[in-house]
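Geometric and topological summary
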Amino acid sequence: MKGKKIVLGVTGGIAAYKACALASKLSQKGALVRVVMTESAMEFVQPITFQALTRQPVYTNTFKENDPSVVAHIDVADWADLVLVAPATANVLAKMAHGLADDMLTTILLATTAPVWAAPAMNVHMYDHPAVKTNIQTLHERGVQFIEPEEGYLACGYVGKGRLEEPEKIAETIQAFFTDPPKKGRFAGKKVLITAGPTQERIDPVRYLTNRSSGKMGFALAAEAFQDGAQVTIVSGPVQLEAPRGVEWIRVVSAAEMFDAVMSRYDQFDVAIMTAAVADYTPKKIQEQKIKKTGDEHMALELVQTEDILRHLGHLEHRPLLIGFAAESERVVEYAEKKRVSKQADMIVANSIAGEKGAFDSDENEVTLVTASSQIALKRASKQHIAQAILDAVHDMLKG
C-alpha cells in the first residue's frame, strides 16, 4: 500500500472514533491518507487528531481554499486512488444515493473517478429501514463497494447489525484491494454471486434451528472465482472463516435475510452459485423470552417453510446462470437430477453427506456435476480443486 492515496470520509456517528484508528492503520501500512470530515463528524472528533495521525491535510470546509492554484474539492477528488467513507451514516448514504453535494465530502464523492467504498455504521433499526436498504442498493448498482457492518453491542444500547467493522479488518480489506487485484482471467468482466454457510432460525433468545455447514465450499469458490478475474459477492450465514481477498462479503443470519440479500441484487450478476445450507423451515412464532421447561415430556414447535432461494431464482424470466448444490445421504445423483429439473437450475453439484468422509466440516469433497446433458463425477479432492473444476464447467456453460 506504500504511496497509495486514500481519501477517508468521516461522518457524524459515534463510530467516528474508530476512524482515528483506521486512519492510523492505513498510514502505518504506507498509505497517504487525507481525511475529509463533515460538520457533524467534528462534534465527535477534532480535525487535529487526524492531522497528527496521518501527517496529511484534513478538509472540513468546501469554501476553504488554502491553495489558490487549485480548487480544493476537485484537487482532492483527482488525487485519490480510493475514497472510503467510514463511518457511513444513514444520512450520508442518502446524500450519496441522491447525488447531493452540500459539503466537502459529498462534493468530492461526486467529483472523483476513483473507486468509492462505504462502511456503514448506525442503529440496527436504521440499518434495516427500507429507505436505507434502497439507498444501499442504489449505490451498490452504481459500483460502490460496501464493507458490511458487524453484529454486536451498539452505542445506543441495542444489540444487532450496525456496528462499524473493526479498523484492522477494514485496513486489511483495502490492502487486499491494492495488493491482490483481480487477475485478467477467464471471468474478467463477469460478476459472480455465491451463497455459503448455514442459516440460523431463531426460536427464542438462546435457541435456534440450523443446518450443518462450515461454508468452506462457498468460500473456496469465491476465492477461486476472484483469482480467475471475476467480481465476486458472497452472501454468507454465520461461519468461522476469513473473508477471501477482494471479495465483497454480505453477512446474514436467517433464511429470510439470505433470501432478501440475494433477491435484491441477483439481476446484477452473470452467475449465481448457491452453496448455502439454507434452513427449509423456520419457527412460525419467535418467542421473545426464553422457553422454560414445563415438566412435559414432549414439546411441539410449529414450523413454516422458508422461501426456496434456488427455486425462486430458477423460475425467473431473466436470471443469471444458476448453479445449485444438493447434499444427500442416499441416491445422490438421482435426487440431484430431480432437484435440477424442479428448480430449473442449469447445474446441480451433488455431494454425499453419508459416512465419515462426508462433505461437512471437511477440507475435501467428492461431487458429481449434474446438467441436462451430462453427469461428471469428480474424485475426492481439496475443496479448492473441486471449486476450480466447478468453475471450469461454469466457464464452459457461459461460452455455450
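Keep in mind that what you see is a predicted model, and the values were worked out from it rather than measured. (Residues numbered from 1 in each chain as written. Predicted model: local features only at pLDDT ≥ 70, side-chain atom pairs only at ≥ 80, totals over all residues. Heavy atoms only, no water.)

Next up on the list: the sheet that holds strand β14 (residues 271-274). Taken together, the 8 strands give an open sheet; going across it, the order is β13-β12-β9-β14-β17-β18-β19-β20, and neighbouring strands pair in mixed fashion. Edge positions in the sheet fall to β13 (248-251) and β20 (375-382), since each of these pairs with one other strand and no more. Pairs of neighbouring strands in the sheet enclose a mean axial angle of 20°, with direction left out of account. The pairing of strand β17 (residues 321-328) with strand β18 (residues 347-352) spans 6 bridges and is classified as parallel. (Pairing = 2+ DSSP bridges. Helix = DSSP H or I, 4+ residues; strand = E, 2+ residues; numbered from the N terminus. Axes fitted to C-alpha atoms, helices over the stretch in contact; angles between N-to-C directions.)

Attention now moves to the pattern of salt bridges. Tallied over the entire structure, the rule returns 15 salt bridges. As a salt-bridge pair, Arg207 and Asp204 come within 2.5 Å of each other at their nearest N and O atoms. For Asp204, a relative accessible area of 0% corresponds to the buried category. Here Glu364 ties to Arg380 by a salt bridge, and the two come within 3.2 Å at their closest N and O atoms. Separated by 16 residues along the polypeptide, Glu364 in strand β19 (residues 364-370) and Arg380 in strand β20 bring together distant segments of the chain. (Salt bridge = Lys/Arg side-chain N within 4 Å of Asp/Glu carboxyl O. Buried < 20%, exposed > 50% of the residue type's maximum accessible area, 1.4 Å probe, protein only.)

The subject of this paragraph is unusual backbone geometry. Note on backbone geometry: most residues besides glycine have negative phi, and most peptide bonds are trans. Cis geometry marks the peptide bond from Ala86 to Pro87; its omega dihedral reads 0°. By the element assignment, Pro87 lies in strand β4 (residues 82-88). Phi angles above zero are rare outside glycine, and Arg331 is one such case at about 40°. Mapped onto the elements, Arg331 comes out in the loop between β17 and α12 (332-343). With a relative accessible area of 47%, Arg331 lands in the partly exposed category. The backbone of Gln344 shows a phi angle near 55°, a positive value even though the residue is not glycine. By the secondary structure assignment, Gln344 is in the loop between α12 and β18.

This next bit is on helix α2 (residues 47-54). Burial in α2 covers these residues: Pro47, Phe50 and Thr54. The buried residues of α2 occupy an angular sector of 65° when the element is viewed end-on, so they sit on one face. Within two residues after α2, Arg55 carries a phi angle of roughly 60°, on the positive side. (Arc of directions from axis to C-beta.)

On to the domain arrangement of the protein, then. Splitting the protein by domain gives domain 1 (5-178) and domain 2 (191-283 + 301-399). One C-alpha centre belongs to domain 1, the other to domain 2; they are set 33 Å apart. Across the domain 1/domain 2 interface, buried area totals approximately 1,100 Å², and carbon plus sulfur atoms make up 36% of it. When the area that domain 1 buries against domain 2 is broken down by residue, the three leading residues are Gln137, His140 and Glu148, summing to 42%. At the junction of domain 1 with domain 2, the criterion picks out 1 salt bridge. At the boundary of domain 1 with domain 2, the tally comes to 4 residue pairs in polar contact (both at pLDDT 80 or more). At the level of secondary structure, the elements contributing two or more residues to the side of domain 1 that touches domain 2 comprise α7 (130-141) and β6 (145-146). (Domains from an automatic or database assignment. Buried area = accessible area lost by both parts, 1.4 Å probe. Polar contact = N/O pair within 3.5 Å; in protein donor to acceptor, adjacent residues only side chain to side chain.)

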